[in-house]
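# Secondary and tertiary structure notes
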Amino acid sequence: MKKLAVITSGGDAPGMNAALFGVVKAAARHDIEVFGCVNGYIGIIKEEFMLLTEAELFKVIDVGGTILGTQRFPEFAEKEIQTKAVDILKKHEIDGLAVIGGDGSYHGARALSQLGFPVAAIPGTIDNDIALTDITLGFHTAVENAVDAIDKVKTSAASHKHIFGIEVMGRQASDIAIWAGLATAADGIIGTNNDWNLEKVLKGIKMSAGKSQIYILAEGAISADQFKAEIESHSEYKVHPLVLGHIQRGGKPSVTDRIMGIKFGEQSVNTLLEGRTGVCLAVQNNQIVELELDKVLHASNNKPFLPFVSQNI
Ligand SMILES: Nc1ncnc2c1ncn2[C@@H]1O[C@H](COP(=O)(O)OP(=O)(O)O)[C@@H](O)[C@H]1O
Ligand SMILES: O=P(O)(O)OC[C@H]1O[C@](O)(COP(=O)(O)O)[C@@H](O)[C@@H]1O
């Protein structure tokens, strides 16, 4: 094996640069060159490759985002485009590909491996919504970022006795909402549609006797604007809606995400070197394990919750 390629794909996640460092570091031990494809799968199609060096990546292990860039490229679901990607990778004498991304990226990775190209994937998404891994790269930092922001809102809310509906990211997953809501002792966490109960929320506000109220809303359950509209159209209360947005994905990766990124990156190279393909890495019981992409993509995402917390929050 002489040349590997790597992409970061989907939403950027803090720790992706650390993972790139891990890839390059492990590859260097075996005299393998690593090429980063710019902006995810589209970089393969556009043949935008950049040679990655350990010295360059070393400088960014503490930097959020991804130095390779990432761009949504839905056309990669088309078989013709996937076949073209394999042809291009082969033309450039690339022997294997590491894909760092979420479940959408995993679909692309599985497709390439089914076309016979060696692929290993790393779970990189702040949403924590990949099955069979206890945690995904970037989730830890995103929760820290959300908690940091909510803590700040709380002091202002308390001063004015305001009611806040704070929307956090996660697509259909409620992990960021639950972890951030628990860590800030929020007055309510709406993680799924089923958690939304207008009467309960109105009762909670009434019982709070004019104190400030913080509700954490998973974006897939209810938006901050919907929350405001529902409360205000059924009561006299005024709600401040707040969408935390991309603050959650930004900034320095946490220590956990750095270490996890480096270890995932190194292991992806070992996996490819040892000839295993169509696999993704995962964390189970504090260990990095390898799983079939196909199995992960067919499994449902029932994560264990925090220690000491039952699912019935
Ligand atoms: N069904 C699919 N088949 C092949 N490639 C896909 C598929 N879904 C998504 N992708 C590729 O993966 C990229 C990232 O997927 P996306 O869902 O946006 O983020 P994530 O990987 O974080 O879930 C997409 O822009 C697209 O290039
Ligand atoms: O930055 P964009 O393209 O608006 O996407 C926002 C979405 O990306 C995420 O931050 C991360 O999602 P993915 O990792 O699945 O790409 C979601 O939580 C959010 O819904």
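Residues numbered from 1 in each chain as written. Chains lettered and ligands numbered in written order. Predicted model: local features only at pLDDT ≥ 70, side-chain atom pairs only at ≥ 80, totals over all residues. Heavy atoms only, no water.

Under an unreviewed UniProt entry, the name given to the protein is 6-phosphofructokinase, and the source organism is Niallia taxi. As its UniProt record puts it under Pathway (unreviewed entry), the protein is described as follows: "Carbohydrate degradation; glycolysis; D-glyceraldehyde 3-phosphate and glycerone phosphate from D-glucose: step 3/4." (UniProt positions renumbered as here; feature names shortened; annotations may be inferred.)

### Structural notes on the site of ligand 1
Among the 15 residues in the neighbourhood of ligand 1, the closest are listed as Arg-72, Phe-73, Gly-102, Gly-104 and Ser-105. Taking Phe-73, its main chain carries an N or O atom lying 2.6 Å from an oxygen atom of ligand 1. At 3.0 Å, a side-chain N or O of Asp-103 approaches an oxygen atom of ligand 1. Considering ligand 1 on its own, with 550 Å² of exposed area, one finds that the protein chains cover 80% of that surface. In terms of residue count, helix α5 (residues 103–114) provides more of the shell around ligand 1 than any other element does, five residues in total. The residue makeup of the shell around ligand 1, split by class, is four nonpolar, nine polar and two charged. (Near = heavy atom within 4 Å. Polar contact = N/O pair within 3.5 Å; in protein donor to acceptor, adjacent residues only side chain to side chain. Areas by Shrake-Rupley, 256 points an atom, 1.4 Å probe, with all protein chains shown as cover. Helix = DSSP H or I, 4+ residues; strand = E, 2+ residues; numbered from the N terminus. Nonpolar A, V, L, I, M, F, W, Y, C, P; charged D, E, K, R; others polar.)

### Topic: the packing of aromatic side chains
In this structure the tally under the stated criterion is six aromatic pairs. Their ring planes at 85 degrees and their centres at 5.1 Å tell us that Phe-139 and Trp-179 sit as a pair that is edge-to-face. One end of the pair, Phe-139, is in helix α6 (residues 139–160); the other, Trp-179, is in helix α7 (residues 175–183), and 40 residues separate them in sequence. The buried category is assigned to Phe-139, whose relative accessible area is 1%. By relative accessible area, which is 26% here, Trp-179 ends up partly exposed. Taking 5.7 Å as the distance between ring centres and 65 degrees as the angle between the ring planes, the aromatic pair formed by Trp-196 and Phe-227 counts as edge-to-face. Of the two residues, Trp-196 is situated in the loop between β7 (188–190) and α8 (198–207) and Phe-227 in helix α9 (residues 224–234); the sequence distance between them amounts to 31 residues. Judged by its relative accessible area of 22%, Trp-196 is partly exposed. Following the ring pairs from residue to residue traces out a cluster consisting of Tyr-41, Phe-73 and Phe-76. (Phe/Tyr/Trp six-rings, centres within 6.5 Å; stacked < 30°, edge-to-face > 60°. Buried < 20%, exposed > 50% of the residue type's maximum accessible area, 1.4 Å probe, protein only.)

### Let's talk about the site of ligand 2
By nearness alone, every residue bordering ligand 2 is listed as Gly-10, Gly-11, Arg-72, Thr-125, Ile-126, Asp-127, Met-169, Gly-170, Arg-171, Glu-219, His-246 and Arg-249. Side-chain polar atom of Asp-127 to an oxygen atom of ligand 2: 2.6 Å apart, as the coordinates give it. Measuring from an oxygen atom of ligand 2, one finds a side-chain N or O atom of Arg-249 at 2.8 Å. With the chains in place, 78% of the 470 Å² that ligand 2 exposes on its own is no longer accessible. When its residues are assigned to classes, the shell around ligand 2 shows two nonpolar, five polar and five charged. Inspection of the shell around ligand 2 shows a minimum of three residues originating in each of domain 1 (3–138 + 253–298) and domain 2 (141–248). (Domains from an automatic or database assignment.)

### Observations regarding the sheet that holds strand β3 (residues 49–52)
Backbone hydrogen bonds are what pair the strands of a sheet, in a parallel or an antiparallel way. In space, the seven strands of this open sheet follow the order β3-β2-β1-β4-β5-β10-β11, with mixed pairing throughout. The open sheet has two edge strands with one neighbour each: β3 and β11 (287–292). Taken pair by pair, the neighbouring strands of this sheet meet at an average axis angle of 30 degrees, ignoring direction. Sheet analysis places strand β4 (residues 96–101) next to strand β5 (residues 119–123), joined by five bridges and oriented parallel. Of the residues in β5, the one forming a bridge with Leu-97 is Val-119. (Pairing = 2+ DSSP bridges. Axes fitted to C-alpha atoms, helices over the stretch in contact; angles between N-to-C directions.)

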